[in-house]
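Summary of structural features
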Amino acid sequence: MIRRTLEAWNGSSRQRPGGVQWLVNRELIPEALGMLMIQELSGGSGLPVHALPGAESVTFLLSGKGDWVGDGTGWPLKAGEGVFNPPGTSRAFESGRDGNTVLLVVYGGTNDPRDAEPHAVRGGAGCGCRVSRTADQGSHSPLGEAGGFIDMGVHWLATTQTVGTRSVVVATSTFTPGGSHQLHRHPHADEFFLVLQGGGEHLTKDGPVRLNPGDLAYIPAGEWHGFQTDPGVTTRTVYGYLGAGSLAQAGYELLEEET
């Protein structure tokens, strides 16, 4: 398990050009099956129209709001929403003028940060697919069939089934007081787990690791992990898999001694 802290939570990301903080790529984690980056945009600023030929991506708003535009299509977005872009599709974003916006960008199909460098768009490339909390109401959640959790709700946002991803999954989860997810692993995909609100203990076979809002746990494929929210606390997270487009592709195994 690798622990990172998002610097946008305390404002220090503004000290770097573009407010960019890499959390996962091959330079930081050589065996990573994808990449994670956050970018903080000041009010009224934005990202020009561009494409990423070598990567699919999900851009998720952690805070703030703005407008996403590509191929003549535009969507207003707020925190908890985002867009999936297959490789080569166009995208642009303008942050709302009344405050900063923090973006979490999840890249699939590559762990090379050069594949995240914007390319000018030539020709008519599509815009991608909007991702929002209405993407999947969870009535057919594979996690519900797998078990191993208590008082935990999952909302699948970007998967092969919802928007057509190939190597990325993005979801949100809510642990109500007393909520937990027992030790389990995903043999075929890495996982990222970012605490947005609340807090608790990331569980490992070697003991718990504290996670507060803004802390991210990155779990390589095959590593046992779980989570226990603090007593009396509701914890909300955004999490997902790199190297798979669904939980079924990632694989799911509960630690035998806990089943």
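See the structure above.
Notes on the structure follow. Since the model is a prediction, treat every value here as computed from it, not as a measurement. (Residues numbered from 1 in each chain as written. Predicted model: local features only at pLDDT ≥ 70, side-chain atom pairs only at ≥ 80, totals over all residues. Heavy atoms only, no water.)

**Here's the deal with the overall build of the chain**
Counting its regular elements, the chain contains two helices and 20 strands. Across the 259 residues that make up the chain, the buried fraction comes to 51%. Within the chain, residue pairs in contact and separated by at least 24 positions form 75% of the contacts whose partners lie at least 6 positions apart. For the chain, the exposed area adds up to about 11000 Å²; of that, 49% sits on carbon and sulfur atoms. (Helix = DSSP H or I, 4+ residues; strand = E, 2+ residues; numbered from the N terminus. Buried < 20%, exposed > 50% of the residue type's maximum accessible area, 1.4 Å probe, protein only. Contact = heavy atoms within 4.5 Å. Areas by Shrake-Rupley, 256 points an atom, 1.4 Å probe, with all protein chains shown as cover.)

**Digging into the pairing of strand β8 (residues 82-85)**
Burial of the side chains of β8 extends over both faces: Gly82 and Phe84 are buried on one face and Val83 and Asn85 on the other. Across three bridges, the pairing between β8 and strand β11 (residues 129-131) is antiparallel. Counted as the bridge partner of Gly82 is Val131 from β11. (Pairing = 2+ DSSP bridges.)

**Here we look at the packing of aromatic side chains**
Applying the stated rule across the entire model yields seven aromatic pairs. Judged by centre distance (5.1 Å) and plane angle (45°), the rings of Phe193 and Phe227 are tilted. Taken together, the residues Phe193 in strand β14 (residues 190-197) and Phe227 in strand β18 (residues 225-229) connect sequence positions 34 residues apart. Of the aromatic side chains, those joined through ring pairs into one cluster are Trp156, Tyr239 and Tyr241. (Phe/Tyr/Trp six-rings, centres within 6.5 Å; stacked < 30°, edge-to-face > 60°.)

**Some details on the layout of surface pockets**
The space that makes up the largest pocket amounts to roughly 240 Å³. Met37, Gln39, Leu47, His50 and Tyr107 are the residues nearest the centre of the largest pocket, which is lined by 16 residues in total. For the lining of the largest pocket, the elements supplying multiple residues, two or more each, are β3 (34-41), β4 (46-51), β5 (56-63) and β10 (101-108). Each residue belonging to the lining of the largest pocket can be placed in one class, and the counts come to 11 nonpolar, four polar and one charged. (1 Å grid on protein atoms, 1.4 Å probe; cavity = no way out; pocket = protein on both sides within 12 Å on 5 of 7 lines; lining within 4 Å. Points joined across faces, edges and corners; volume = space filled by probe spheres on them. Nonpolar A, V, L, I, M, F, W, Y, C, P; charged D, E, K, R; others polar.)

**Digging into the environment of Val168**
Positionally, Val168 belongs in strand β13 (residues 168-185). With residues up to four places along the chain from it excluded, the contact list for Val168 reads Glu56, Val58, Val106, Tyr107, Gly108, Ala158, Thr159, Tyr241, Leu242, Ala244 and Gly245.

**Notes on the side chain of Ser246**
By secondary structure assignment, the location of Ser246 is in the loop between β19 (235-242) and α2 (247-250). Excluding residues within four positions of it along the chain, Ser246 makes contact with Thr160, Gln161 and Val169.

**Here we look at the sheet that holds β11**
The antiparallel open sheet is built from six strands, whose spatial order is β2-β3-β10-β5-β8-β11. Each edge of the open sheet is held by one strand with a lone partner, namely β2 (20-24) and β11. Taking the axes of each pair of neighbouring strands and ignoring which way they run, one obtains an average angle of 20° across the sheet. Across eight bridges, β3 lies against β10 in antiparallel orientation. Bridge pairing in β10 places Ile38 opposite Leu104. (Axes fitted to C-alpha atoms, helices over the stretch in contact; angles between N-to-C directions.)

**Let's talk about the environment of Trp75**
Within the fold, Trp75 resides in strand β7 (residues 73-78). Classification of Trp75 by relative accessible area gives buried; the value is 18%. Separated by 18 residues in the primary sequence, Trp75 and Phe93 have C-alpha atoms spaced 9.5 Å apart.

**Description of empty space enclosed by the protein**
This structure, assessed with the given rule, holds one cavity of 30 Å³ or more. The computed volume of the largest cavity comes to approximately 130 Å³. Looking at the largest cavity, it is lined by 16 residues, and the ones nearest its centre are Met152, His181, His184, Glu191 and Phe193. Among the secondary structure elements, those contributing two or more residues to the lining of the largest cavity are β13, β14, β18 and β19. If one sorts the elements of the lining of the largest cavity by residue count, β13 sits on top with four residues. A class-by-class count of the residues in the lining of the largest cavity yields eight nonpolar, seven polar and one charged.

Without other data, these values stay purely geometric and don't point to any function.
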